[in-house]
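What the coordinates show
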Amino acid sequence: MTAKISPPKMKTNIEKALALLEAVTPLRVDCGKLCGGRCCHADKEAEGMRLFPDEPPPKDLRVSDTADGGRLAVCDGTCDRHARPLACRIFPLFPYLGTDGRVRAVWDPRAWRVCPLVQGKYCPDRAFIRAVRKAGRLLAATESGRRFLKEQAAEIDQLAALIPRWQLLPRRNAHKE
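In this report, the structure presented in the accompanying data block is examined. (Residues numbered from 1 in each chain as written. Predicted model: local features only at pLDDT ≥ 70, side-chain atom pairs only at ≥ 80, totals over all residues. Heavy atoms only, no water.)

1. Overview of the sheet that holds strand 3 (residues 71-74)
Pairing is antiparallel across the open sheet formed by 3 strands, whose spatial order is 1-3-2. Of all strands in the sheet, those bounded by a partner on one side alone are strand 1 (49-50) and strand 2 (62-65). Pairing of strand 2 with strand 3 involves 4 bridges; the strand directions are antiparallel. Within strand 3, the position partnered with Ser64 by the bridge is Leu72. (Pairing = 2+ DSSP bridges. Helix = DSSP H or I, 4+ residues; strand = E, 2+ residues; numbered from the N terminus.)

Here you go:
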């Protein structure tokens, strides 16, 4: 009797998006040294990084439900970088799904109080920006991902309107690291 050979498991779009952002970071240096890793420390129980639709809960991180049915991964600042959720990997950018159907990598205004990169002194690495955009395109290819990106784009628009001189796109002429 011969053993059955099963075909290799196909990666989901969320797995592909996570893999795209495995080896790229916002700067070519550890950007956490600019702010003491503020993005990795939740001050309150209700703070964390929102999980994307179909994203498996990260191992070793606490996951809590949000009032609107979402899920937050809450970190104490010591997680395994290879097990980080997608929201951590793309921070401080977000794959913004515009009304024209295009995905753009934009500054996430929710990062304004936490991340010095958003304040315009540094421009993210181009490979990082491209990876965030490509991850967004993968997510937008599924119904749940497209719905989530549209909801988040609406929230980004509302928050960006509250910040004077807000720029959605990272500046190319900003200081590069």
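2. Here we look at the packing of aromatic side chains
Across all of its chains, the model carries 2 aromatic pairs by this definition. Ring centres 5.8 Å apart and planes at 15° place the aromatic pair Phe52 and Phe94 in the stacked group. Here Phe52 is found in the loop between strand 1 and strand 2, whereas its partner Phe94 is found in strand 4 (residues 93-97), with 42 residues between them in sequence. Each member of the pair Phe52 and Phe94 is classed as buried. An aromatic cluster of three or more residues is present, and its members are Phe52, Phe94 and Phe148. The side chain of Arg110 reaches across the aromatic face of Phe94, ending 5.3 Å from its centre. (Phe/Tyr/Trp six-rings, centres within 6.5 Å; stacked < 30°, edge-to-face > 60°. Buried < 20%, exposed > 50% of the residue type's maximum accessible area, 1.4 Å probe, protein only. Lys NZ or Arg CZ within 6 Å of the ring centre and 35° of its normal.)

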